[in-house]
Amino acid sequence: MHELCAGGQSSKSFRDTGNWKKAIDWKPNYILIQFGHNDMPGKGPNRETDPKTTYPENMSRYVDEARAIGAVPILVTSMARRTFDNGKIRGELKPWADAAKKVASEKKVPLVDLFTRSIAMLEKMGPTEAAVFDPKGDKPDHTHLGEEGGKIMAGVVADELRKAEPSLAKLMNAPEVR
C-alpha cells in the first residue's frame, strides 16, 4: 500500500495518476478516503479542486466506487494545518472539510472529522506545545507530521474510527486517545 501513499496527491490527481484504480483493485474491506490539503488553490490545475463542485464530486465518486467493490468507504476530513492567528487555528481547509462532511451525510457514509478534532486539540495545546507535531527540518512545516506528531494523530484517527464505524472498532487494538 505504501506506493499509494505518495505525498502531494489531491482528490483529482490520485485518480488521474491511476493510484485509485490500484487501491480498489485490491478489493479491501474498508477504504479511508481523505483529501483536501492538495486540493487547495496554488497547487496547480492538475491538483486543485473547488470545495463547492469538483471536490465533493470526486469524494462522491470515490464513495460510489468503493461501495461497488463491496468495501466500506469512510470519509476523513483534512487535519488542520498548525497555523495559528492569536492562539486560534486559521482553518483554511474548512471548505474542504465541510464538503466532505456534506458528502458523508448525503451518502450515509461513516465520517472521521479529523479537522474539528485536530483544531480542538491544537488550540488547547497552543502554538508552542503544538510544535511536537512538526517534522524535523530547517524550516517550519505546519502541514506535515514528524514521528511524534504522526503517532498522536494516528491515535486520534483510531479513536474516531472506533466511533464512526463500530464494525471496524472490533478489529482495532490501538489504545484510545483522550
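Keep in mind the model is a prediction, meaning the values are calculated, not measured. Going along each chain's sequence as written, the residues are numbered from 1 onward. Local features in this predicted model are restricted to residues of pLDDT 70 or higher, and side-chain atom pairs are both shown and tallied only at a pLDDT of 80 or more, whereas totals for entire chains, interfaces and linings draw on every residue. Side-chain measures were taken over the full set of non-hydrogen atoms in the model, leaving aside hydrogen atoms and water.

> Help me out: how do you make sense of the packing of aromatic side chains in this one?
What characterises a pair of aromatic rings is the spacing of the ring centres plus the angle enclosed by the ring planes. The rule is short: rings of Phe, Tyr and Trp, with Trp giving its six-membered ring, pair when the centres are within 6.5 Å, and they are stacked under 30 degrees, edge-to-face over 60, tilted in between. One pass over the structure, following the stated rule, counts 3 aromatic pairs. A centroid spacing of 5.6 Å and a plane angle of 55 degrees characterise the contact between F14 and F35, whose relative ring orientation is tilted. With a gap of 21 residues between them, F14 in helix α1 (residues 13-16) and F35 in the loop between β1 (30-33) and α3 (54-68) connect regions that are remote in the sequence. Judged by its relative accessible area of 10%, F14 falls in the buried class. Working definition: with a 1.4 Å probe on protein chains only, accessible area under 20% of the residue-type maximum means buried, over 50% means exposed, and in between means partly exposed. With a relative accessible area of 10%, F35 lands in the buried category. Between F35 and Y62, the aromatic rings sit 5.3 Å apart at their centres with planes inclined by 20 degrees, giving stacked as the arrangement. With F35 in the loop between β1 and α3 and Y62 in helix α3, this pair connects stretches of sequence that are 27 residues apart. Of the two residues, F35 and Y62, neither departs from the other in class, the shared state being buried. Taken together, the ring pairs connect F14, W20, F35 and Y62 into an aromatic cluster. Positioned above the aromatic ring of Y62 is the side chain of R15, whose terminal nitrogen or guanidinium carbon lies 4.7 Å from the ring centre. Secondary structure elements are taken from DSSP: a helix is a run of H or I of four residues or more, a strand is a run of E of two residues or more, and numbering for both begins at the N terminus. To sit over a ring, a charge needs its Lys NZ or Arg CZ within 6 Å of the ring centre and within 35 degrees of the ring normal.

> Just to check I follow, could you spell out the environment of G149 for this structure?
Along the chain, G149 falls in helix α6 (residues 147-164). According to the relative accessible area criterion, G149 is buried, its value standing at 0%. Measuring from C-alpha to C-alpha, the distance between G149 and K12 comes to 27 Å, with 137 residues separating the pair along the chain. Contacts are assigned to residue pairs that have any heavy atoms within 4.5 Å of one another. Beyond its immediate chain neighbours, meaning those up to four positions away, G149 contacts V132 and F133.

> Which parts of the structure should I look at to understand the packing of α3 against helix α4 (residues 94-107)?
The description of two packed helices rests on the angle between their axes and on the distance between the axes. Two numbers describe how α3 lies on α4: the axes approach to 9 Å, and their chain directions differ by 40 degrees. As the angle between them shows, α3 and α4 are arranged oblique. The handedness of the crossing between α3 and α4 is right-handed. On α4, the residues that touch Y55, P56, M59, S60, V63, D64 and R67 of α3 are W96, A99, A100, V103 and K107. Ten residues, namely Ala, Val, Leu, Ile, Met, Phe, Trp, Tyr, Cys and Pro, are considered nonpolar, four, namely Asp, Glu, Lys and Arg, are considered charged, and the remaining ones, Gly among them, are considered polar. For the contact of α3 with α4, a count of residues per class yields 8 nonpolar, 1 polar and 3 charged. Every axis corresponds to a line fitted to the C-alpha atoms, with the helix fit spanning only the stretch in contact, and the corresponding angles, defined between N-to-C directions, vary from 0 to 180 degrees. Angle categories: roughly parallel below 35 degrees, roughly antiparallel above 145, roughly perpendicular from 65 to 115, and oblique for all the rest. Helix crossings fall into two classes, left-handed where the near helix is turned counterclockwise from the far one by less than a right angle and right-handed where it is turned clockwise.

> I would appreciate a short explanation of the pairing of β1 in the present structure.
In summary, the side chains of a regular strand alternate between the two faces of the sheet. Side chains I31 and I33 of β1 all project onto a buried face; the interleaved residues Y30 and L32 project onto a face where none is buried. Looking at chain direction, β1 and strand β2 (residues 72-76) are connected through 4 bridges and run parallel. In the sheet register, I31 faces β2, and the bridge partner there is P73. At least two DSSP bridges between two strands are needed for those strands to be called paired.

> When you look at the packing of helix α5 (residues 114-130) against α6 in this model, what are you seeing that I'm missing?
In the contact formed by α5 and α6, the axes pass within 11 Å of each other and the chain directions differ by 130 degrees. One way to sum up the angle between α5 and α6 is to call them oblique. The hand of the α5/α6 crossing is right-handed. Across the interface between the two elements, L114, R117, S118 and M121 of α5 pack against I152, M153, V156, V157, D159, E160 and K163 of α6.

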